Number of protein chains: 2
Amino acid sequence: MKNNYYKELELKYKEISLLYETMGILHWDSSTVMPKKSIDGRTDQLTNLYVLSHKMLKDKNIYDCIRKSEKINKLSNWERRNLKLIKKEYILNKSLDKRLIEKISHATSKCEMQWRVSKENNDFKSIVPFLEEVIELRKIEAKIKSKVLKCSLYDALLNDHEDDLNSNKIDTIFNQLISFLPDFLKEVLNYQKKKKLIHIKDKINTNLQEELGRMLMKKIGFDFSYGRLDVSMHPFCGGAYQDSRITTRYNEKNFVESLMGVLHETGHALYNLGLPNKWKYQPVGDALGTVVHESQSLFMEMQVCRSYEFLNFASPFIRKIFKKNGIKWRADNLYKIYTSVKPSFIRVDADEVTYPLHVIIRYKIEKDLIEGNIKVKEIPIIWNKYMKDFLGIVPKNHKEGCLQDIHWFDGTFGYFPTYTLGALYAAQLFAKIKRIMPNINKQISKGNFKNLLDWLRLNVHLKGSLCNSNELIKNITGEELNIEYFKKHLINRYLN
Amino acid sequence: MKNNYYKELELKYKEISLLYETMGILHWDSSTVMPKKSIDGRTDQLTNLYVLSHKMLKDKNIYDCIRKSEKINKLSNWERRNLKLIKKEYILNKSLDKRLIEKISHATSKCEMQWRVSKENNDFKSIVPFLEEVIELRKIEAKIKSKVLKCSLYDALLNDHEDDLNSNKIDTIFNQLISFLPDFLKEVLNYQKKKKLIHIKDKINTNLQEELGRMLMKKIGFDFSYGRLDVSMHPFCGGAYQDSRITTRYNEKNFVESLMGVLHETGHALYNLGLPNKWKYQPVGDALGTVVHESQSLFMEMQVCRSYEFLNFASPFIRKIFKKNGIKWRADNLYKIYTSVKPSFIRVDADEVTYPLHVIIRYKIEKDLIEGNIKVKEIPIIWNKYMKDFLGIVPKNHKEGCLQDIHWFDGTFGYFPTYTLGALYAAQLFAKIKRIMPNINKQISKGNFKNLLDWLRLNVHLKGSLCNSNELIKNITGEELNIEYFKKHLINRYLN
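Residues numbered from 1 in each chain as written. Chains lettered and ligands numbered in written order. Predicted model: local features only at pLDDT ≥ 70, side-chain atom pairs only at ≥ 80, totals over all residues. Heavy atoms only, no water.

### Points about the sheet that holds strand β2 (residues 237-240) of chain B
All names here are of chain B. Taken in spatial order, the 3 strands of this open sheet run β1-β3-β2, and their pairing is mixed. On the outer flanks of this sheet lie β1 (227-231) and β2, each paired with one strand and no other. The mean angle between the axes of side-by-side strands here comes to 25°, regardless of whether they run parallel or antiparallel. Bridge count for β1 against strand β3 (residues 243-248) is 5 bridges, and the pairing is parallel. Among the inter-strand pairings, Arg-228 is bridged to a residue of β3, identified as Arg-245. (Pairing = 2+ DSSP bridges. Helix = DSSP H or I, 4+ residues; strand = E, 2+ residues; numbered from the N terminus. Axes fitted to C-alpha atoms, helices over the stretch in contact; angles between N-to-C directions.)

Next up, the structure:
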């Protein structure tokens, strides 16, 4: 049976994939429960798994199976796509040296740990040598990959997160945003002056915030027998197959932010839990790149949970759990709070309108870092300059400036732009849902998320990585990514 | 340089060792924080790591390095012992088939998960097919190993836990105990009638119990920046290198048991944290078998923490944290409680005198199960018969009977006897300390554990696996394991 070669390839890949799953748990552990000083051992464990998976991936047997599988005619669509994805991963890994991988893993692990300290101490200088080493190593990696992929250094790193993405495409879209957002922002700021909003400054115990978060997670469709909610410095969604773990951070003086953070990560978690079981541990069964992943979190956060309808559904629970009452806890005021626009420092807490500007700043800086146009020590100055240009404000310290995000310090480059692309996808997807389920907003306001989730499962989650993100959006909405849906969404929400 | 072959062997072993470390974290995760239904993925991850480490261990390159290293003259004691230990592991693994390892890993993982349900439902029948499969597979393994080690089936499984142990040696020691304990037990029960003891039935909030546990752990010398305390169904000490995680279970109506549970596991954890850093990730740097591991936990629990002196030190903290007062919270009453002897059902909660009898029951049953003398479905009847014979009581249900322990259901056989051997070692070690530090009890009553811990570190922990447990006790105390120290300890404590 010729087909056996393909089956063998799947089995071999499963072994590697299960190492990734294990790393998912170790990463979660590092960020949530690991004792402070157990870093060295953890770095050793993760580096070991990383190097091992790399070694297994570029094994000659994998290549033999790929070559022989390519000659099989009777592969299904899923199998053919799976073969293609494994082959790409093989070629990229084959081109990389084990020692480089090891060095990168060690350097990023140490840099990330140092970042936690540097950020706490608001000390950029102390992170510089760590980040320099990370960037130097990732540039070497990018150079090798760029030859295989025939692209620029930065585009080679973009490829880690999204298959068919390049900086030309991003520049086109981001330029459209730059030509729209700043003027729009002014209009919104002006428009909002008329609206009376009552700020909520009540201190809310974090246990109650957690209780509310868990309750709403369940309502949306998150099953806690397959996942967790914990606390970490930088919120994320991780874990492993059918074990989807999200984290958040609480601020007693600002439940508003923590709550949306939880709902955002829930969007990620639902995607992971909805992936096709039949293709588990295979690349074709994995989530698509980060653009689609972000589309799922932002769909949940921005399209669904920041809507008046959702807040109308949620406000009685908020009042009940927090034991609060009065006009400021009513849906219309909560909606005003959640759609209030104001230039601010922290990306993850930014409003929907200014958020893309935060992303564009990071995109410009990281592209220049990788392409060698700027130096690490220049980051704070450039950061602050862009903040001034795009948002009109300058952070007082690094904690609220260039040390705020874990990315870069954990070795991640090319991730940031996918946040905003995800927002555009989310808007386009929600516009489609509204066309086929005209009463979707009514369902949301009643707390009925079943049809919504079923639709996402069927159209997005269950598709795994069968097609790329361009094809996916086209298959679902009938057209390519179109920034107009996002613009329309913003205009509807913020100038109405 | 010939020596390179040995260094290469160390590096190769390190890769395998780091997989064990990773498994340590995954095991901890499974028992403490893993979502209920994420079992399947976890089983896949653990099986994958297990099979992989097995494959790496029996790799031809390892064998080449071993053979070539054996010809090197200039290896140090540590290196020579390390080589010997790696070789033994190689030979044992070499004899085992990957598919068998895989089957065992899968079967034990499933059985353990089912045990949690069966125990909760007090349903022995539901576990029978799972345990039968586990035993069938482990017998196949034992048969293969017994040929390599030239021993009986059960002795082959004993070897998993302790290097130089066999059932003849255990029978000799256990027969000595059987000829001493039952009569001694009667004497103690009679003697204790005279003593007035005030039972503590106060409900103590588990948060306060945890606070007390943490406080005393720290006092003894546990550093929380290298470890954790959590809750699990079955208390254990796990984790990884410099990441020592213990668990306990709390009972609001019985802080007495939870507290000693915590202190017991702390003994294990301190051993792990005290291992020689220079030999980390090598078998020679690892903890010795479970006999010595248990000696460390029982040293802490039985020799140190159940002493009048320790309770004299601890009682003010207990009173303060629990906000309690009165005669029953004073050291002399606490000491009476902690040395109160009464035949009971649950091994982990048993007193020091009856505990060995619990162990002997399990030893007899598991030996017979592995040697094929009894069947799984017969366990409850045999269990109850032994309980009646040795302890004079019969459990009302399986939860308090043969379903109480995780061992067997997690695939572990040959572990139980090491508990009692550990108790004998602990008594012999403490007798030695008393000889060289005559005021050790005074130090304990003042909460000064530094000399005690330093002595353990130097004489036990830092020795890693440089010699076997027979040699270790001889090196430290000048004689072989001698049951008389345990007997003397019991007589001193319980008939005084």
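### Some details on the relation of the copies chain A and chain B
With an RMSD of 0.0 Å, the fit of chain A onto chain B corresponds to turning through 180° and sliding 0.0 Å along the axis. Expressed as an axis order, the relation between the two copies is that of a two-fold axis. Of all interface residues in chain A, 100% are interface residues in chain B too; the two copies therefore contact each other through one and the same surface. (Least-squares fit on C-alpha atoms with pLDDT ≥ 70 in both. Contact = heavy atoms within 4.5 Å.)

### Concerning the environment of Ile-144 of chain B
Residue and element names in this part refer to chain B. Relative to the helices and strands, Ile-144 is located in helix α6 (residues 128-149). Taking C-alpha positions, Ile-144 is 50 Å from Asn-205, a pair spaced 61 residues apart along the chain. Sequence-distant contacts of Ile-144, defined by excluding residues within four places in its chain, comprise Ser-95, Leu-96 and Leu-100.

### Some details on the interface of chain A and chain B
Counting residues at the interface gives 37 residues for chain A, matched by 37 residues for chain B. With both chains or domains summed, chain A and chain B bury close to 2,900 Å², and 55% of this area falls on carbon and sulfur atoms. Per-residue buried area on chain A facing chain B is highest for Lys-37, Gln-45 and Asn-48 of chain A; these three make up 17% of the total on that side. The interface formed by chain A and chain B holds 6 salt bridges in total. (Buried area = accessible area lost by both parts, 1.4 Å probe. Salt bridge = Lys/Arg side-chain N within 4 Å of Asp/Glu carboxyl O.)

### Focus on the pairing of strand β3 (residues 243-248) of chain A
Residues and elements named next belong to chain A. Taking burial as the measure, the 6 residues of β3 include 6 buried ones, the bulk of the element. Taking every second residue as pointing to the same face, both faces of β3 are buried, with Asp-243, Arg-245 and Thr-247 on one and Ser-244, Ile-246 and Thr-248 on the other. Pairing of strand β2 (residues 237-240) with β3 involves 4 bridges; the strand directions are antiparallel. Note that in β3 the partner of Ala-240 across the bridge is Asp-243. Linking β2 to β3, which pair antiparallel, is a turn of 2 residues; within it Gln-242 sits at a positive phi near 55°. (Buried < 20%, exposed > 50% of the residue type's maximum accessible area, 1.4 Å probe, protein only.)

### Focus: unusual backbone geometry
Residues and elements named next belong to chain A. Although it is not a glycine, Lys-150 sits at a positive phi angle of roughly 55°. The topology assignment puts Lys-150 in the loop between α6 (128-149) and α7 (153-158). With relative accessibility at 74%, the residue Lys-150 sits in the exposed group. A positive phi angle, close to 55°, is found at Gln-242, a residue other than glycine. Of note, Gln-242 is situated in the loop between β2 and β3.

### A few points about the confidence of the model for chain A
Caution applies to low-pLDDT regions: their predicted coordinates should not be interpreted in detail. Mean pLDDT over chain A works out to 95, with 99% of the residues at or above the 70 mark. Reported confidences for the modelled complex are a pTM of 0.92 and an ipTM of 0.91. (pLDDT = per-residue confidence, 0-100.)

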